[in-house]
Amino acid sequence: GLGDVVAVFDGMGGAGAIQVPAVEDQNKLRTMAYVASNAVSLLIGGKLRQWGKGSVQDLQLQLNFDIPKRLTELAERPNGRGMKPGLKGTLLQEYPTTIAIGFVQNSEDNLSRTVSALWAGDSRVCVFDPDSKYPLQIVTRDHTSDGGGGDAALGRFASASGLDLEFHSVLVGPHSAVLAITDGCYGYMSDFDLMYLLVNTLQLSRDLDEWVQMLEQQISARAGDDAALSISLGIGGYKRLRELTASRLNDFHDIRNVPQNSPYVSAFHVESFRSLMSKE
């Protein structure tokens, strides 16, 4: 009832680095971050499979309650707070993970798509719209002090201590692909470079599987962190997206190597994306 769903979950360091029993095998150790991201993914997947006619914001309220409850259950297992005696007390922000979910609904006439995002942390929901002047648009704002990602401390994320998901909704073109990405996908390149990478690999590929494989290889080659990406294709799918971006690649060749602090490419910065979207 909520349309296509793209989502990523990225367990965090700090308390998340503590080793705890795995959910599937109590004799196997995993980090709190690993256990948290997988548990949240499974919980949300189960919730969506049973979802009725409620709105995304109805789901937002339920997840704000259900996710910390589930993570608290994990913390209260035997050795759920860590195997070392010094870690038996209550830890601040146990089982931490980011969340980014994009819900995508096509209009009845297939002339537009509505993208609604729920997120906490620095994983992002983005729109890759071949009909837009700047194809890559960031729907979410990182929950860091400056909103710009990187290694800054997060002000919001999911944990056993609580959750406060943010909501934002936008209307985009019918051929737009919607992506959910972790910081490993964008943290080692500029927004412009990521946009160029999406367009360039799309043109070099021959089918959807090859495009995904190219993205995996090139992002992994740059990233010093785990990278996860989820995509919902627009009307016409891979073939139409490739056709519509074919002419765009030349637009970006000339400015690809311009320093990113140049006014010439300032439109690709996060705040400019958001300003552009609000005007449209």
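See above for the structure.
It should be emphasised that the depicted structure is a prediction, and the values quoted were computed from it without experimental measurement.

Colleague: Would you take a moment to explain the state of the cysteines for this structure?
Modeller: Here a disulfide denotes one covalent bond, and it connects the sulfur atoms of two cysteines. Summed over the entire model, instances satisfying the criterion amount to zero disulfides. Unpaired in terms of disulfides, cysteine 126 finds its nearest cysteine sulfur in cysteine 185, a separation of 9.1 Å. Assessed through its relative accessible area of 2%, cysteine 185 is described here as buried.

Colleague: How should I be thinking about the packing of aromatic side chains in this particular structure?
Modeller: In this structure the tally under the stated criterion is two aromatic pairs. Geometrically, the ring pair formed by phenylalanine 192 and tyrosine 196 is tilted, given 6.5 Å between the ring centres and 35° between the ring planes. Of this pair, phenylalanine 192 and tyrosine 196 are both found in helix H4 (residues 191-204), four residues apart, which corresponds to roughly one turn of the helix. Summarising the aromatic geometry, the rings of tryptophan 211 and tyrosine 238 are spaced 6.4 Å apart at their centres and angled 50° between planes, so their arrangement reads as tilted. Taken together, the positions of tryptophan 211 in helix H5 (residues 208-222) and tyrosine 238 in helix H6 (residues 237-245) put the pair 27 residues apart, joining distant regions of the chain.

Colleague: When you look at the sheet that holds strand S1 (residues 4-11) in this model, what are you seeing that I'm missing?
Modeller: The strands making up a sheet are joined through hydrogen bonds of the backbone, oriented either antiparallel or parallel. Reading across the sheet, the four strands line up as S1-S4-S5-S8 and stay open at both edges, with antiparallel pairing between neighbours. Among the strands making up the open sheet, the edge pair consists of S1 and strand S8 (166-172). Across the sheet, the axes of successive neighbouring strands diverge by a mean angle of 15°, strand direction being ignored. The sheet contact formed by strand S5 (residues 113-120) and S8 spans seven bridges and is antiparallel. The partner of threonine 114 across the bridge, within S8, is leucine 171. Along the sheet face, helix H1 (residues 32-49) touches S1 and strand S4 (97-106) and points at about 160° away from the line of S1.

Conventions used here
Residues numbered from 1 in each chain as written. Predicted model: local features only at pLDDT ≥ 70, side-chain atom pairs only at ≥ 80, totals over all residues. Heavy atoms only, no water. Disulfide = S-S within 2.5 Å. Buried < 20%, exposed > 50% of the residue type's maximum accessible area, 1.4 Å probe, protein only. Phe/Tyr/Trp six-rings, centres within 6.5 Å; stacked < 30°, edge-to-face > 60°. Helix = DSSP H or I, 4+ residues; strand = E, 2+ residues; numbered from the N terminus. Pairing = 2+ DSSP bridges. Axes fitted to C-alpha atoms, helices over the stretch in contact; angles between N-to-C directions. Contact = heavy atoms within 4.5 Å.

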